[in-house]
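# Summary of the model geometry
Here are the chains, one letter per residue:
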Amino acid sequence: MQVDAKGFITVDSQRRTSDPQIFAIGDVAGEPMLAHKATREAKVVADVLAGEPAAFDNVAIPAVVFTDPEVAWCGLTETQAKTENREVHVVRFPWGASGRAITIGRPEGLTKLIVEPKTERVLGVGIVGAGAGELMVEAVLAVETAAVARGPGRHDPRSSHAF
């Protein structure tokens, strides 16, 4: 097996190592070192072994930090977009404006959407707040299904109107 510069085992999109009969998943196969990633990689390997078409795609693997409040994200981050000089719309919703957050006494949160300007596709989501890890399920679904986030009155995705 081959190892990269960081000491991770090199794998292809089906998680095969340089020996096609050996697969590697989880932390040994590289970052992000998250249980969600390892679980998805295991499913890909099981599908490949069963003869099904499968490949690992790291686009929407969720990450959750179990602090109080929780921090969670998936997909493209604002920092990554800046590093890649990628134009995005960043839409923020402070939980202090949420009736539910106020009702449960936890308004100290924020939801952030990273949106592709032309198509309005959700590329990434960041959430800070009580229960952010549970809310991340919906965020992953939005990123994986190429959901669209439109501002009020927005109907034409080619419009240059900002959120």
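Up top is the structure these notes are about.
Remember, it's a predicted structure, so these values are computed and weren't measured experimentally.

## Quick word on the environment of Gly133
The topology assignment puts Gly133 in helix H4 (residues 132–144). On the accessibility criterion, Gly133 (18% relative accessible area) is buried. For the pair Gly133 and Pro62, spaced 71 residues apart in the sequence, the C-alpha separation amounts to 8.6 Å. Aside from chain neighbours lying at most four places away, what touches Gly133 is Val64, Glu70 and Ala72.

## Some points on the nonpolar core
In terms of nonpolar packing, the biggest core is built from 17 residues, with Cys74, Val122, Val125, Ile127, Met136 and Val143 touching the most fellow members. The set of elements that each furnish at least two residues to this core consists of strand S2 (70–75), strand S5 (122–129) and H4. The greatest single-element share of this core, amounting to six residues, is contributed by H4. Excluding anything up to four places from it in sequence, Val125 contacts Ala72, Trp73, Cys74, Leu76, Thr111, Lys112, Leu113, Met136, Ala139 and Val143.

## A few points about the pattern of salt bridges
Scanning the entire structure with this criterion turns up eleven salt bridges. Residue Lys82 is joined to Glu78 by a salt bridge in which the shortest nitrogen-to-oxygen separation is 3.9 Å. Taken together, the residues span about one helical turn, with Lys82 and Glu78 both in helix H2 (residues 78–83) at a distance of four residues. Relative accessible area serves as the criterion here: at 59%, Lys82 is assigned to the exposed category. For Glu84, the salt bridge identified is with Arg86, shortest N-O distance 3.7 Å. On the basis of relative accessible area, Glu84 is assigned to the partly exposed category, the value being 47%. What emerges from the salt-bridge pattern is a single network uniting Glu78, Lys82, Arg92 and Lys112.

## Considerations on the sheet that holds strand S4 (residues 110–115)
Within the open sheet, the five strands sit side by side as S1-S2-S5-S4-S3. Their pairing is antiparallel. Where the open sheet ends on each side, the last strands, each with one partner, are strand S1 (63–65) and strand S3 (89–94). Across the sheet, the axes of successive neighbouring strands diverge by a mean angle of 10°, strand direction being ignored. Alignment of S1 against S2, held across three bridges, turns out to be antiparallel. Across the sheet, Ala63 pairs through a bridge with Trp73, a residue of S2. Here H4 sits on the sheet and contacts S1, S2 and S5; the angle it forms with S2, its principal contact strand, is near 10°.

## Describing the side chain of Arg15
Relative to the assigned elements, Arg15 resides in the segment before helix H1 (35–49). For Arg15, a relative accessible area of 8% translates into the label buried. Excluding residues that lie within four positions of it along the chain, Arg15 makes contacts with Ile22, Phe23, Ala24, Ile25, Ala29, Glu41, Val44, Val45 and Phe56.

Thresholds applied
Residues numbered from 1 in each chain as written. Predicted model: local features only at pLDDT ≥ 70, side-chain atom pairs only at ≥ 80, totals over all residues. Heavy atoms only, no water. Helix = DSSP H or I, 4+ residues; strand = E, 2+ residues; numbered from the N terminus. Buried < 20%, exposed > 50% of the residue type's maximum accessible area, 1.4 Å probe, protein only. Contact = heavy atoms within 4.5 Å. Core = buried A, V, L, I, M, F, W, Y, C linked by side-chain atoms within 4.5 Å. Salt bridge = Lys/Arg side-chain N within 4 Å of Asp/Glu carboxyl O. Pairing = 2+ DSSP bridges. Axes fitted to C-alpha atoms, helices over the stretch in contact; angles between N-to-C directions.

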